Amino acid sequence: MKLFNRRLLPVGAGLAALLLAAGCATGSQPAANSGAGDENGDIAFSFWGTNSEAASLKAIAAAFEQANPGIKVTTNWIQSDYEQKLQTSIAAGTQSTVMEISNTSLAGFAPSFAEQQVDPGRFVQPNISESLKFDGKYYAMPFTAKPKVMAINVDAFKAAGLPLPSATTPLTLEEFRTIAAKLSHGEGKTRVFGTSNLWFKGWLTAAGGGFYNADATACTFGDAQGLKTAQYIVDLQKDKYAPSSLDIEGQDQAQWFAAGRLGTFSDFGPWTVADFAKISKPNWTLVPVPGKGFPMEVGGLAIAKNATGKKLENAKKFVEFASSNPDAQNQLIQGNTALGVPIIAESTSTLEKVLPAERNLAAFTTALKTGEVSPSVKREAQISGDADKGITSYTPLGSGKEDVAKILPGLNDKCTAALKQ
């Protein structure tokens, strides 16, 4: 799991002050959760993420404690197997009072979450709140969005005599292929690729397809559009315009970009800002992902179904604060910490000023308003994980060599069967 701006405090001092104010909220070890049923008003908050993402969430907890001095938030950073460990804690009755959940996984956890009241009008677009509904009810409060954009190596474009893509209008997939070819040159370990390794699920959405159909009753990555998109990626790899999974194995593509080995970086999420903020050469900027863009994840905050008394009251205060208070929303993305994009209009300008204007973080605002939100699927991690394993094991979309047209339809059928179980 991954698809989150805070006021421009002095970066070092501002974040440090918030984290120090958090007390126990800065700890990265799993908290000793006491379920949610006693009258102690302190709450525990579970979440996943990278160091940068976790820093944003801890800063939100710290800002809440500052705004609510009588309430303590103990953070529980689960650094691996998040959904599995969350499910185990729910079964044991030891879950945190508040739990981060992705819209894509909500369906599998909704029965263990308390129903919430959500005002869709608070957010910059309707599908942000809609994505956290299950059976017509809200089971998580949206607090962040994770749209994708594309970074381009400005110096590489100039060297190749190519005009820069529009800052607001996406390229077509064929235009992108032509540009990737013109940006590619060299051989071996010094080869410059026109683009980074291409994420199949993302490019499938960009091409107008999807991993699942709209109501999550069938997998669709093996249909005609899926096969066409898969072949598009394989051909780019075959022509050495994009590196394969084997080419990048064990390597950081952000470092490739910083070394000038990539003309474009097409899987740029909000959490990537922290890495790219350190890159001054080559010069770079952000533009929309080609086509219809990549799927956008929405992050939500769920409350334990067994929460009562002061814990429930304070949990509601916390999720409300994280969702709609600028002091929280402004924490979501900075030059050194990043989780996602703010979902309230008051924090849009903060996002766009995190880095110099030439970096065009406004591309995230555009992507936020046009982003496609994937449907929620029960056992999503297992089902998509099994499909991904087959795709990457057998086809050139990963380390395999089999024809995508022969492999994907069978994997698609197995995926659909798993959805119906």
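Residues numbered from 1 in each chain as written. Predicted model: local features only at pLDDT ≥ 70, side-chain atom pairs only at ≥ 80, totals over all residues. Heavy atoms only, no water.

Under the annotation held in an unreviewed UniProt entry, the protein carries the name Multiple sugar transport system substrate-binding protein and is attributed to Kribbella sancticallisti.

What should I look at first to understand unusual backbone geometry in this one?
With the exception of glycine, most residues fall at negative phi, and the peptide bonds are largely trans. Of note, the bond from Lys-281 into Pro-282 is cis; its omega dihedral lies within 30 degrees of zero at 0°. One can find Pro-282 in the loop between α11 (273-276) and β9 (284-287). The phi dihedral of Ala-216 is positive, around 55°, even though this residue is not glycine. Relative accessible area serves as the criterion here: at 16%, Ala-216 is assigned to the buried category. (Helix = DSSP H or I, 4+ residues; strand = E, 2+ residues; numbered from the N terminus. Buried < 20%, exposed > 50% of the residue type's maximum accessible area, 1.4 Å probe, protein only.)

What should I look at first to understand the state of the cysteines in this one?
A disulfide bridge is the covalent bond that connects two cysteines by way of their sulfur atoms. Using the criterion set out here, one finds one disulfide in the structure. Paired by a disulfide, Cys-219 and Cys-415 hold their sulfur atoms 1.9 Å apart. Judged by the torsion about the S-S bond (-65°), the Cys-219/Cys-415 disulfide is left-handed. Linking Cys-219 in the loop between α8 (200-206) and α9 (224-238) with Cys-415 in helix α17 (residues 404-419), this pair joins segments that are 196 residues apart in sequence. For the pair formed by Cys-219 and Cys-415, the shared burial category is buried. (Disulfide = S-S within 2.5 Å.)

Just to check I follow, could you spell out the packing of helix α16 (residues 380-394) against α17 for this structure?
A pair of packed helices can be characterised by two numbers: the angle between their axes and the separation between those axes. With their axes 10 Å apart at the nearest point, α16 and α17 run at an angle of 165° to one another. Here α16 is positioned roughly antiparallel relative to α17, judged by the angle of their axes. With respect to the hand of their crossing, α16 and α17 are arranged in right-handed fashion. Here α16 contributes Ile-383, Ala-387, Gly-390, Ile-391 and Tyr-394 to the contact with α17, which in turn contributes Ile-407, Leu-408, Leu-411, Cys-415, Ala-418 and Leu-419. Residue composition of the contact of α16 with α17, by class: 10 nonpolar, one polar and no charged. (Axes fitted to C-alpha atoms, helices over the stretch in contact; angles between N-to-C directions. Parallel < 35°, antiparallel > 145°, perpendicular 65-115°, else oblique. Left-handed = near helix turned anticlockwise from the far one by under 90°. Contact = heavy atoms within 4.5 Å. Nonpolar A, V, L, I, M, F, W, Y, C, P; charged D, E, K, R; others polar.)

It is not clear to me how the nonpolar core should be interpreted in this structure. Could you clarify?
For soluble globular proteins, the rule of thumb is that nonpolar side chains tend to be buried together. By size, the foremost hydrophobic cluster in this structure holds 80 residues, and its most contacted members are Phe-268, Phe-276, Leu-286, Phe-318 and Phe-364. Counting residues per element, this core draws most heavily on helix α2 (residues 51-67), at six residues. Apart from the residues lying within four places of it in its own chain, the contact partners of Phe-318 are Ile-43, Phe-45, Ile-60, Ala-61, Phe-64, Val-73, Val-98 and Leu-301. (Core = buried A, V, L, I, M, F, W, Y, C linked by side-chain atoms within 4.5 Å.)

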